[in-house]
Amino acid sequence: MAEERKISMAVVRRLPRYYRYLGELLQKGVNKISSRELSEKMNVTASQIRQDLNNFGGFGQQGYGYNVEYLYEEIGKILGLHQNYKMIIVGVGNLGQAIANSNSFSRRGFKLVGLFDVNPKLIGMSIHGVEVMDVDRMEQFVKENGVEIAILTMPKTRVKETAEKLAQWGIKGLWNFSPVDLFLPENVQVENVHLSHSLMTLAYMISEAKIEEEKERH
């Protein structure tokens, strides 16, 4: 949908934030909200919120604002969360286990159905009822179970080869936490997540803040 309408990725990347904040408002029993009120909570300008949502039809009513439940559901549909996605984790070390132990995914339509590793010490263990299997079983499992998403938390030396195989086996999306950028055919969507990049960005912001403080003192 976003690609057909040429929606910028900057807008797409803000949608999960809207979805999260609206979900929190729903839990608090809030029925309606204006773009101004939402902007105060999210630290995004009201104009930006209106522009973002107008890309998908607007959803607001003049003089009323937004119906929280309706907007929450519509953004969920835009993000594809009305569908159910079967996913696996490849690499069940500390990070892989942390992701597997998170229970937030299932509430949003993501079902963890398989865990894979090469470490004999991990194979056979169970996390939330999902067994860790040998990677040798992965091709058959992916094909037989219609798995669409693979989460990669494995060493960078093996990730490129593994990603290419998963693409051949029918995986539609890769959530890659390995420290290497993956570039695959257009029919396979890739989200590269580099934790160290975020940490370095934070270091930059701290450094800049210190420089500003020094300037103010002099």
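The structure contained in this document is the topic of the report that follows. (Residues numbered from 1 in each chain as written. Predicted model: local features only at pLDDT ≥ 70, side-chain atom pairs only at ≥ 80, totals over all residues. Heavy atoms only, no water.)

**With respect to the environment of Ala-100**
Tracing the backbone shows Ala-100 in helix 5 (residues 94-101). Distance from Ala-100 to Thr-201, taken between C-alpha atoms, is 27 Å for residues 101 residues apart in sequence. Excluding its chain neighbours within four sequence positions, the residues that come into contact with Ala-100 are Ile-89, Leu-112, Leu-115, Ile-127 and His-128. (Helix = DSSP H or I, 4+ residues; strand = E, 2+ residues; numbered from the N terminus. Contact = heavy atoms within 4.5 Å.)

**Brief notes about the packing of helix 1 (residues 9-27) against helix 4 (residues 68-78)**
For any two helices packed against each other, the geometry comes down to the angle between their axes and how far apart the axes lie. Between helix 1 and helix 4, whose axes approach to 9 Å, the crossing angle comes to 145 degrees. Of the two elements, helix 1 crosses helix 4, and the hand of that crossing is left-handed. Residues Leu-15, Tyr-18, Tyr-19, Leu-22, Gly-23, Leu-25 and Leu-26 of helix 1 touch helix 4, and the partners they reach there are Val-68, Glu-69, Leu-71, Tyr-72, Ile-75, Gly-76 and Ile-78. Tallied by class, the residues present in the contact of helix 1 with helix 4 amount to 11 nonpolar, two polar and one charged. (Axes fitted to C-alpha atoms, helices over the stretch in contact; angles between N-to-C directions. Left-handed = near helix turned anticlockwise from the far one by under 90°. Nonpolar A, V, L, I, M, F, W, Y, C, P; charged D, E, K, R; others polar.)

**What to know about the packing of aromatic side chains**
Under the definition given, this model contains six aromatic pairs. When the centroid spacing of 4.2 Å and the interplanar angle of 10 degrees are considered together, the rings of Tyr-19 and Tyr-72 count as stacked. With Tyr-19 in helix 1 and Tyr-72 in helix 4, the pair connects residues that are 53 residues apart, well separated along the chain. Using a relative accessible area of 10% as the deciding quantity, one classes Tyr-19 as buried. Judged by relative accessible area, Tyr-72 falls into the partly exposed class, the value being 22%. Geometrically, the ring pair formed by Phe-105 and Trp-175 is edge-to-face, given 5.9 Å between the ring centres and 85 degrees between the ring planes. Taken together, the positions of Phe-105 in the loop between helix 5 and strand 4 (110-117) and Trp-175 in strand 8 (residues 173-176) put the pair 70 residues apart, joining distant regions of the chain. For Trp-175, a relative accessible area of 27% puts it in the partly exposed group. Clustering of aromatic rings is evident, with ring pairs tying together Phe-105, Trp-175 and Phe-177. (Phe/Tyr/Trp six-rings, centres within 6.5 Å; stacked < 30°, edge-to-face > 60°. Buried < 20%, exposed > 50% of the residue type's maximum accessible area, 1.4 Å probe, protein only.)

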